[in-house]
Amino acid sequence: MDIDHIAKLARIGLKEEELKKLEGELSAILDFIEKLKEVDIENVKPMTGGTDLANIMREDEVIPRDDKQRQRILANAPKRKDDYIEVKAVFE
Amino acid sequence: MNLNELTIKQAAEGLRKKDFSSVELTEAVLNVIKDKDKDINAFLSVTEELAMKQARAADKLMADDEKINPLIGVPVAVKDCILVDGVRCTAGSKILENYIAPYDATVIKKLKEACVVIVGKTNMDEFAMGSSTENSAYGMTKNPYDLEKVPGGSSGGSAAAVAANETIFALGSDTGGSIRQPAGFCGVVGLKPTYGRVSRHGLIAMASSHDQIGPLAKTVEDAEFVLDAISGIDGFDSTSVSKDRRPASWRGSPKGRLDYSTHSGQSSLKDAINELNNNSLPSAPLKGLKIGIPDEYFAEGIDKQVEEKIRESILKMENLGAEIISVSLPHTKYAMACYYIIIPSEVSSNMARYDGIKFGKSQSANGEAQNLLEIYLKSRGEYLGREVRRRIMLGTYVLSAGYYDAYYLRAQKVRTLVKQDFEKAFEQVDVLVAPTSPTTAFKIGEKIDDPVKMYLADAYTIPVNLAALPALSMPCGLADGLPVGLQIIGRHWDEKTILAVGKIYERNSR
């Protein structure tokens, strides 16, 4: 396993020694899940969720919310400018 | 008896007869929290102000109107991954240390309609990932039966709070056993409803094809009152279904004017009282019921004393008239491996929202991060705990290019086989009875450094989530002074039968 690559894909910044430890733990878990290779899955359909429901539709509509709630959502943002969430530039 | 020790039903009766007020009941609970929670650490926040306001409102409603639902004025503790408008919601994670919920979860909305009293938010493994509550960023919860032991997890705070009488009932969430396993470890009742029964809107997601909210309570009948109140379809959760358990009179009534006296639902307070006061119980109340005992749940790894207790309970059920049938669920041994592919996959996707941008703690605020990517890396590296990082990494790996078929797709096929095992068994029997966990509560620190060993604590609860079935854990005695949980698993949507079996067992073992 290329642990650095996985950490990058997962967007988790970790120190070298933490990554090393994680690599050991992950390989123990992967050994454990190897067991699944024994199962005969020929002609078995995969489950895709918890229920057999499919294509649940609803109206795509704006539900009015009060300003207090909007402010509460914005107040949770780490950085904000007026009524916007401030983000570092995506394109330099 | 102290007020905080009452069940929902006893509390509701006392409130109705004006033996005490909701304010008195709530104060009793809050006082016990103040007194005991230093040792147990079941609560992450105590919402005293909100609770007293709700209690006064409940008292006022009850004074105006005799018609009340069984939950009005009754204190509840809520697992800290369920949003309560305006209250801090951490999910046991450092990354949500300062997060204030901007709305009510649907279950909270429903409980507020029933006029319950919210006394606080309970401790949990970070984002519900764990089986001992040791993964909380805010210190572990201790088992009220033995402070050296874990309460189980991830709803360990809710289970401990109910067990220590720091609340009348609690809400938890169950993805792989997180309601049932701690209920078993703490000697209380825990119900994981059928997937789709209860809306998850406002539940902080862990693994969305498994997560389900349910009650932790002191009795099975109490758990049923709560289930009635929180279940039903919700436009905000497209996996919820229209099989509403709520008595018709609970729906659409003006706030608080919830009338239990007119509906004929199985679990109305009136019926329950009548049932309990009916002394002419049949000698074989379980006659006609077929109970399946899955061989695989008594295989290697089970503690001998736990097995003994469960076998005793099965014998008791046989003596109550049930027919006991041995069944096999052959794919049980693969359930754990299957779960630890699917869950991390869903986790890695659900946890992507903790990016240090929209909400939660961030490294952007202190100006250290130079660009967008660094905000992600540093915020997630700094504020997500070990088990959460482990699962995100594992999920990212098994979903990464080239591995999808070997891991995720294969696991989803094995999941189908696990579900079919149950469906075949239910052609033969009405319910399955098994231990909730292979052991009683283990020592703090015993499994924390060995993830696979920790995962095995959920060996008997995980298959139920994979198959999306409802299951109940109820206490069935002590082994070495620690509670043993008895698990009753039902068909899809058939909470009614497992609750009925649980109630009959409960009544006959008092």
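What comes next concerns the included structure. Quick caveat: nothing in here was measured; it's all calculated off a predicted structure.

On to the pattern of salt bridges, then. Residue and element names in this part refer to chain B. Counted under the stated rule, the structure contains 27 salt bridges over all chains. Ionic pairing is found between Lys121 and Asp80, a salt bridge with its closest N-O pair at 3.0 Å. Residue Lys121 is located in strand 3 (residues 117–122), and its partner Asp80 is located in the loop between strand 2 (75–79) and helix 4 (106–113); the two are separated by 41 residues in the primary sequence. Considered together, Lys121 and Asp80 belong to a single accessibility category, that of buried residues. Among the salt bridges present, the one from Lys149 reaches Asp146, with a minimum N-O distance of 3.2 Å. Asp146 gets classed as partly exposed once you look at its relative accessible area, which sits at 23%.

Moving on, we come to unusual backbone geometry. Here the residue pair Gly153(B) and Ser154(B) is connected by a cis peptide bond, since its omega of 10° sits within 30 degrees of zero. Within the fold, Ser154(B) resides in the loop between strand 3 and helix 5 (156–163).

Every contact between the two is made by 55 residues of chain A and, on the other side, 69 residues of chain B. Summed over both partners, the interface of chain A with chain B buries about 5300 Å², with 72% contributed by carbon and sulfur atoms. Counting the surface chain A buries against chain B, the share from its top three residues, Leu36(A), Met47(A) and Asn76(A), is 14%. The salt bridge involving Glu25(A) is made with Arg386(B); its shortest N-O contact spans 3.3 Å. Across the chain A-chain B interface, the total number found is 16 residue pairs in polar contact (both at pLDDT 80 or more). Breaking the side of chain A that touches chain B down by element, the ones donating at least two residues are helix 1 (3–9), helix 2 (16–33) and helix 3 (67–75) of chain A. It is helix 2 of chain A that provides the largest number of residues to the side of chain A that touches chain B, a total of eleven residues.

Residue and element names in this part refer to chain B. Using the criterion set out here, one finds eleven aromatic pairs over all chains in the structure. Judged by centre distance (4.7 Å) and plane angle (40°), the rings of Phe127 and Tyr354 are tilted. Residue Phe127 is located in the loop between strand 3 and helix 5, and its partner Tyr354 is located in the loop between helix 10 (332–350) and helix 11 (372–383); the two are separated by 227 residues in the primary sequence. Accessibility classification places Phe127 together with Tyr354 in one group, the buried group. An aromatic cluster is present here, built from Tyr99, Phe127, Tyr354 and Phe359 joined pairwise through their rings. Cation over ring: Arg311 sits above Phe298, and NZ or CZ is 4.1 Å from the ring centre. Here the guanidinium or amino end of Lys447 rests over the ring plane of Phe442, the centre of that ring lying 4.4 Å away.

For the rest of this paragraph, the subject is the nonpolar core. Residue and element names in this part refer to chain B. Within the largest apolar cluster, 172 residues are counted, with the highest numbers of intra-cluster contacts made by Leu71, Ile82, Phe127 and Phe422. Broken down by element, this core gets its largest block of residues, eleven residues, from helix 10. Membership of the second largest hydrophobic core comes to six residues, among which are Val150, Ala441, Phe442 and Met454.

As for its position among the elements, Glu307(B) is in helix 9 (residues 304–319). Among all residues touching Glu307(B), those that are not within four sequence positions of it are Phe298(B) and Ile302(B).

Attention now moves to empty space enclosed by the protein. All names here are of chain B. One pass over the full model with this rule turns up six cavities of 30 Å³ or more. Considered as a void within the structure, the largest cavity measures approximately 60 Å³ in volume. Forming the boundary of the largest cavity are Ala128, Gly130, Ser131, Thr175, Gly176, Gly177, Ser178, Met206, Tyr339, Tyr340, Arg391 and Asp458.

The rules we used
Residues take numbers from 1 onward in each chain, read along the sequence in its written order. In the order they appear in the text, chains get letters beginning with A and ligands get numbers beginning with 1. Where local features are concerned, this predicted model is filtered to residues with pLDDT of at least 70; where side-chain atom pairs are given and counted, the filter is 80 or more; whole-chain, interface and lining totals use all residues. Computation of side-chain values covers all heavy atoms of the structure but excludes hydrogens and water. Any carboxyl oxygen of Asp or Glu within 4 Å of a side-chain nitrogen of Lys or Arg constitutes a salt bridge here. Runs of H or I in DSSP of at least four residues are treated as helices and runs of E of at least two as strands, each being numbered from the N terminus. Any residue under 20% of the maximum accessible area for its type is buried, any over 50% is exposed, and the rest in between are partly exposed; the area is computed with a 1.4 Å probe on protein chains only. Contacts are assigned to residue pairs that have any heavy atoms within 4.5 Å of one another. Simply put, the buried area is the total loss of 1.4 Å probe accessible area from both parts when two parts are fitted together. Polar contact is defined as a pair of N or O atoms within 3.5 Å, subject to the rule that within protein one atom must be able to donate a hydrogen and the other to accept it, and that residues adjacent in sequence are counted only when both atoms are side-chain atoms. Two aromatic rings, drawn from Phe, Tyr or Trp (for Trp, its six-membered ring), form a pair once their centres lie within 6.5 Å of each other, and the interplanar angle then sorts them: stacked below 30 degrees, edge-to-face above 60, tilted otherwise. By definition, being over a ring means that NZ of Lys or CZ of Arg is both within 6 Å of the ring centre and within 35 degrees of the ring normal. By nonpolar core is meant a set of buried Ala, Val, Leu, Ile, Met, Phe, Trp, Tyr and Cys residues that side-chain atoms within 4.5 Å join together. Think of a 1 Å grid over just the protein atoms. A cavity is a set of points where a 1.4 Å probe fits yet cannot get out, a pocket is an open set with protein on both sides within 12 Å along at least five of seven lines, and lining residues have an atom within 4 Å of a point. Grid points are joined across faces, edges and corners, and a volume is the space filled by probe spheres set on the points.

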